[in-house]
Amino acid sequence: MVLQQHSFSGTEIHIKSCRNGVRSIESYYEDALAAPAVIEEAIQAEAEGYDGVIIGCAGDPGLYAIREMVRIPVVGPGENAVHLASTLGRAFSIIAIVDNCVPRHHQLVQRAGIAHTQLASIRAANVSVLDIAKGPDIAKRRVTEEARHALTSDGADCIILGCLSLAFALFDRELAQALGVPVINPALAALKQLESLVSLGVSHSKVAYRLPPKFRNSPSAV
């Protein structure tokens, strides 16, 4: 397992598959379909004693809703990646998988509170999530092409892989060496962020992410 291999000693990673999810998330529609199942699994994870949650999609479906419903730290790989990128350079570009995801990434950057001047561009490699595992070399080539355009045409000095399937292909370090700029793997960055939060004993503010009123006196309603 990729995350377990890259975790610190003592960290245990458990992968939870959503029972009523979707095969891939490449649109607002699929994001909306996936969110309820992701939220349900996160609530269950806290009930089972897990220390934290990483959402398994760089579009962060259900992120803020989950934070309302649980107290353990919850990391959205997309949000975390743009925050990290904002500290590593002056302008970053996100390489999305398909054109449909570009507006979702724009919205994510806006929600994350990152100054829009720090976003150089969002480019689509136009390779589907389900095809990445079938043809990782094709995905790597298309991502590399778009990343080079982001550097030469858009003014980017840092690249984010905008999909966890791209992240799990593990060509980020090779790409960074070829491009000469930081390339953020959102899966590994989310892992390290969550490990840091757990070790620090820090989680999201329950003033910012309040439990909805109707659930405050009825835990069973969750």
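Residues numbered from 1 in each chain as written. Predicted model: local features only at pLDDT ≥ 70, side-chain atom pairs only at ≥ 80, totals over all residues. Heavy atoms only, no water.

Here the structure, examined in full by the defined rule, presents one aromatic pair. For the ring pair Tyr64 and Tyr209, a centre distance of 5.8 Å and an interplane angle of 20 degrees mean the geometry is stacked. On the criterion of sequence distance, the pair formed by Tyr64 in helix H3 (residues 63–69) and Tyr209 in the segment after helix H10 (186–200) is long-range, its members being 145 residues apart. By relative accessible area, Tyr64 is classed as partly exposed at 26%. (Phe/Tyr/Trp six-rings, centres within 6.5 Å; stacked < 30°, edge-to-face > 60°. Helix = DSSP H or I, 4+ residues; strand = E, 2+ residues; numbered from the N terminus. Buried < 20%, exposed > 50% of the residue type's maximum accessible area, 1.4 Å probe, protein only.)

Quick look at the pattern of salt bridges now. Between side chains of opposite charge, a pair can form as their charged atoms come close. All told, the structure shown has nine salt bridges when counted by the stated rule. Between Asp31 and Arg104 there is a salt bridge, and its shortest N-O distance comes to 3.0 Å. A residue pair is termed long-range when its members are at least 10 positions apart, and Asp31 in helix H2 (residues 28–47) and Arg104 in helix H5 (residues 101–111) qualify at 73 residues. Given the relative accessible area of 17%, Asp31 is considered buried. Note that Asp131 is salt-bridged to Lys134, the shortest N-O span being 3.8 Å. Note on Lys134: relative accessible area 68%, which makes it exposed. Each of Arg123, Glu146 and Asp154 takes part in one network of salt bridges that share partners. (Salt bridge = Lys/Arg side-chain N within 4 Å of Asp/Glu carboxyl O.)

Read across the open sheet, the four strands follow the order S4-S3-S5-S6; overall the sheet is parallel. Edge positions in the open sheet fall to strand S4 (119–124) and strand S6 (183–184), since each of these has one partner strand only. When strand S5 (residues 158–161) meets S6, the two strands line up parallel, connected through two bridges. Following the sheet pairing, Ile160 is matched in S6 by Ile184. (Pairing = 2+ DSSP bridges.)

Remember, this is a structural readout, not a statement about activity or role.
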